Amino acid sequence: MKQILRAVLRAVACPRGKLASRRVLCGCLLLFASIAWGQVNNQTATDYIAKRLVFPLIDAPQSVPSASVSVNGNPGPATYFYWIVSQSLAGASSPAGPFMLSGAPNALSGSNFDQISWQSASNAISYDVLRTTTPFMPAGACNCAVATGITGNSVNDQSNSVNAYTVRELDPSTLQFVITNESSGAAVSRLVFRVNGASIGTWSSTGVFTPISLTGPKINGFFYVDGVTYTTIQQAITAACAATPAGGTVYVPPGTYPQNSQFTLCNDIYLIGAGRSTCDSVTAPTTITTTLTTGDLFNVTSLSHVHISGICVKNIGTGGGVPLHVVGGLFGMYQDLYFSGPWANGIVVSPNVGNNSAIWNTFRNIHHTGYQTGAAMVVLDALNTTSQVINNNRFELMTGQGGATGFGVKLQATGGACPGGNTFINENNFSGGQDSTSLGGGTGVSADNCTFRNLWMDTQTIEANNLSISIGTGNTGFNCQACEISANTTNIPVDNSGATGRTVITGNIGGTPQKFAVAADGTVRLNGIVIGNGTASPGNIVLPSGQQMLPSGTGTIQFDNTDTQFLKPIFFPEGAAPTCSAGNDNLWGDSAAHRLKMCNNNGTPAQVVASGADINTSDQVTATHLAAPLPTAQGGTAQNSTAVFPASGTVAVTSGTMRFYTGCSGTATALATLAMPWPGSALTTCANVSSNIQVPLTTAGTAKNLRVRCGTAGAAAGSGVFTLQQNGANTALTCTVGTGTTCSDTTHTAALSAGDLMLIGFTTQAAETLANCSASFEVQ
């Protein structure tokens with residue numbers, strides 16, 4: 001029997017930190033087991049059978065057993081009736097009395113007073129002394145208090161005035177526990193625990209324990225927005241921040257909570273909602289609504305260990321404000337949130353300039369929707385800091401979109417980028433999200449000049465933007481690994497970071513897989529190779545100006561002699577002639593004669609290869625420059641680090657690419673059809689209504705890749721419609737700058753004939769602001 005009871009005691013032992021009602025249940029079971037244990041120890045085991053177990057409050061408030069009153073000083077004609085209320089932990093007793101005093105002074109003072117003394121009551125922790133002029137017991141609110149909170153056993157009544165008081169007699173039966181065993185289904189019963197007739201939980205014979213819903217304002221260290229003690233979220237936060245130690249967990253049950261001003265937070269505050277849901281389509285468990293037009297709803301300034309989760313935050317006003325702004329915060333955790341409505345931006349992270357950096361924060365599973373025009377999902381803003389940073393923050397599963405013409409992710413320094421040549425947004429990570437705005441002007445990922453070092457993104461989807469990615473100068477280390485870049489007006493990123501920018505993108509760009517990997521067999525797979533500055537299109541190798549491609553040691557560079565396109569195209573930068581020696585077949589562009597030259601294999605001085613044809617301005621060898629077959633290398637093998645040419649026959653080289661550039665200065669004339677001036681035009685401002693200079697083509701070809709860039713954005717969505725014209729008629733190549741600064745048409749082409757007259761025209765809108773524009777296209 002003892003072993004069985006020991007097992008029962010272990011089974012019902014209550015772990016710390018569980019719900020209050022469960023601890024009550026465990027306490028009852030411990031009591032049962034203790035009774036049985038005592039019976040076993042006394043060797044008088046007894047079974048107790050009862051329909052109900054009733055546990056009255058054993059330390060209920062008790063009235064004082066007796067009291068005495070007397071006059072000190074000069075007596076008078078007054079009669080007073082005194083009452084004594086005992087205060088216990090659970091509440092107050094009924095007033096004991098009356099204790100009548102006749103002959104009391106009419107004017108009570110420091111020398112003439114009534115003295116009241118009493119015996120202690122069981123369970124009392126303090127006493128309240130009341131006074132009336134009639135023998136009727138006071139009830140409810142009254143002006144009758146002589147003194148309250150007395151911990152001794154006497155008090156002097158030295159004033160005729162009395163204080164307001166409310167008599168609140170505790171009914172001990174309201175704190176009486178009753179346990180019954182009641183049927184709850186077929187072959188199932190349950191123990192029902194009740195206080196004052198109300199169930200506080202059940203324990204089924206199937207082993208299922210069901211506590212009541214917790215509705216207290218503070219439960220085991222949790223501050224609960226119960227609608228009574230804490231009717232607002234801020235009230236519960238304020239209470240948690242005032243606790244010792246400061247901080248704690250504030251639980252917000254399902255419901256809608258208006259908050260039209262900024263929350264006041266503190267360190268170590270955990271704000272937990274019942275769940276975010278999708279508050280635009282269904283009712284969210286916990287929703288905060290606001291009409292903020294400026295400022296921040298949650299502002300985390302120089303705070304650490306702030307945790308906000310499981311909430312839908314909805315702006316139901318006209319727009320503006322930011323739902324979450326971390327200003328020099330650290331160790332924060334923000335997750336399972338849903339931001340909806342016309343916010344000015346979603347998440348903004350910035351340093352507290354001169355005080356704290358914004359570091360080591362995590363933002364996870366946050367959805368953004370409904371933002372106003374120009375808004376960004378996430379903004380990292382270095383402001384004008386010169387020492388504080390935005391470093392090592394992690395963003396996971398940022399989904400949704402920024403506002404039209406806005407941004408998915410925006411990196412900026414509104415106080416001036418790159419002070420002292422340094423970046424202050426470093427080593428931040430975005431994982432598994434979606435960077436999008438809406439078609440018509442937005443940018444998925446945008447970084448202003450000199451704002452970041454090592455921005456890492458992985459498994460990102462960048463779509464539904466005007467431009468996928470824009471990287472300014474002075475930024476280094478942009479990595480977008482396994483990224484899907486598609487369905488943007490312009491999928492190809494604009495990367496101005498330069499040769500040291502270290503921009504690497506893998507995944508897909510516009511449906512084209514980006515290859516940068518080493519296969520299992522050791523094969524290096526690349527789309528193109530760039531050595532030094534430049535940009536390589538798929539399948540091409542780009543060398544910096546003046547450099548040669550040379551094999552290492554005694555190796556050779558081999559080409560497929562059966563492929564007639566292996567010289568498509570080759571650039572020969574102009575420079576000084578190399579030293580010719582036996583076996584040297586070098587080709588180079590002669591800067592003096594502007595001709596392609598080559599060393600004779602026997603080591604004699606160079607000879608002109610292109611018969612009578614000058615090399616074009618880009619020094620690109622085309623078919624028109626090769627009036628005679630290229631000389632062949634000795635034996636058809638590579639000689640001294642030069643490329644192998646076929647042993648016989650001619651080398652087929654494709655036609656070159658002609659590139660045309662034009663530009664105008666100043667603000668464009670409003671509501672006009674204008675022409676871009678070619679070099680040599682009399683009027684070079686953006687005001688030509690017609691052009692007397694139209695460039696004739698030297699050879700037939702195909703026009704493509706129209707690109708436009710303006711220094712100042714247009715006034716309206718229809719500003720700056722640029723079109724390539726052929727003999728005065730519009731071709732299919734056209735693009736619109738609108739309220740941005742760039743546009744391009746890399747889709748359409750136009751067939752051209754030698755002698756066609758070419759011109760780029762554009763149209764403007766009212767109150768036009770478009771200015772300082774340049775345009776280019778290619779003909780192949």
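These numbers were taken from a predicted model, which means no experiment stands behind them.

Peer 1: Before we go on, may I ask you to explain the overall build of the chain in this structure?
Peer 2: What the chain contains, in helices and strands, is three helices and 58 strands. Taking all 780 residues of the chain together, the buried fraction comes to 42%. Residue pairs in contact within the chain that sit at least 24 positions apart in sequence constitute 66% of those at least 6 positions apart. Of the accessible surface of the chain, which amounts to about 36800 Å², a share of 53% is contributed by carbon and sulfur atoms.

Peer 1: How should the sheet that holds strand β38 (residues 494–495) be read in this particular structure?
Peer 2: Hydrogen bonds between backbone groups are what pair the strands of a sheet, and the pairing can be parallel or antiparallel. Ordered by their spatial adjacency, eight strands build an open sheet running β20-β22-β24-β27-β30-β33-β36-β38, and the pairing between neighbours is parallel. Pairing within the sheet leaves two strands with one partner each, and these edge strands are β20 (296–301) and β38. Strand direction decides the pairing type here: β20 and strand β22 (residues 322–327), joined by five bridges, are parallel. Residue Thr-301 lies in a different strand from β22, and its bridge partner there is Val-327.

Peer 1: Explain the pairing of strand β23 (residues 333–340) here, please?
Peer 2: Side-chain positions along a regular strand alternate between the two faces of the sheet. With six of eight residues buried, β23 is to be regarded as a mostly interior element. Examined bridge by bridge, β23 and strand β26 (residues 362–369) share seven bridges and lie parallel to one another. Its bridge partner lying in β26, Ser-340 is registered against Thr-369.

Peer 1: Can you help me understand the pairing of strand β6 (residues 126–132) in this one?
Peer 2: Among the seven residues of β6, seven are classified as buried, and the element is accordingly described as predominantly covered. Here β6 shows a buried face lined by Ser-126, Asp-128, Leu-130 and Thr-132 and a second buried face lined by Tyr-127, Val-129 and Arg-131. Bridge analysis of strand β3 (residues 78–87) against β6 gives seven bridges, and the strand direction is antiparallel. Paired with Val-85 across the two strands is Asp-128, which belongs to β6. Sheet analysis places β6 next to strand β7 (residues 140–150), joined by three bridges and oriented antiparallel. Note that in β7 the partner of Val-129 across the bridge is Ala-147.

Peer 1: What exactly am I supposed to notice about the confidence of the model for the chain here?
Peer 2: Regions with low pLDDT carry predicted coordinates that are not meant to be interpreted in detail. Across the chain, the average pLDDT comes to 82, with 76% of residues at or above 70. Contacts of residues 1–30 to residues separated by more than four positions or lying in other chains number 41 contacts, the stretch itself having pLDDT below 50. Note that pLDDT drops below 50 for residues 610–655; the model gives that stretch 106 contacts with residues more than four away or on any other chain.

Peer 1: Looking at this model, I keep getting lost on the state of the cysteines. Mind explaining?
Peer 2: Covalently bonding the sulfur atom of one cysteine to the sulfur atom of another cysteine gives a disulfide. Across all of its chains, the model carries eight disulfides by this definition. Here Cys-664 connects covalently by a disulfide to Cys-686, the sulfurs 1.9 Å from one another. Disulfide Cys-664-Cys-686: torsion about the S-S bond near 90 degrees, hence right-handed. Of this pair, Cys-664 sits in strand β49 (residues 658–667) while Cys-686 sits in the loop between β50 (673–675) and β51 (695–696), and the two are 22 residues apart along the sequence. A single burial state applies to Cys-664 and to Cys-686, both of which are buried. In this model Cys-735 forms its disulfide with Cys-743; the gap between the sulfur atoms is 2.2 Å. Where Cys-735 bonds to Cys-743 through sulfur, the torsion about that S-S bond is close to 45 degrees, and the disulfide is right-handed.

Peer 1: Whenever I open this one, the nonpolar core confuses me. Can you help?
Peer 2: For soluble globular proteins, the rule of thumb is that nonpolar side chains tend to be buried together. If you look at the biggest cluster of nonpolar residues, it comprises 68 residues, and the most contacted ones within it are Val-250, Phe-298, Tyr-334, Ile-347, Phe-363 and Phe-478. Counting residues per element, this core draws most heavily on helix α3 (residues 233–242), at five residues. Setting aside its immediate chain neighbours within four residues, Tyr-334 contacts Val-300, Val-306, Ile-308, Leu-324, Val-326, Asn-361, Thr-362, Phe-363, Arg-364 and Ile-366. Counting residues in each nonpolar core, the second largest holds 32 residues, with Phe-660, Ala-672, Leu-697 and Ala-775 among its members.

Cut-offs used in this document
Residues numbered from 1 in each chain as written. Predicted model: local features only at pLDDT ≥ 70, side-chain atom pairs only at ≥ 80, totals over all residues. Heavy atoms only, no water. Helix = DSSP H or I, 4+ residues; strand = E, 2+ residues; numbered from the N terminus. Buried < 20%, exposed > 50% of the residue type's maximum accessible area, 1.4 Å probe, protein only. Contact = heavy atoms within 4.5 Å. Areas by Shrake-Rupley, 256 points an atom, 1.4 Å probe, with all protein chains shown as cover. Pairing = 2+ DSSP bridges. pLDDT = per-residue confidence, 0-100. Disulfide = S-S within 2.5 Å. Core = buried A, V, L, I, M, F, W, Y, C linked by side-chain atoms within 4.5 Å.

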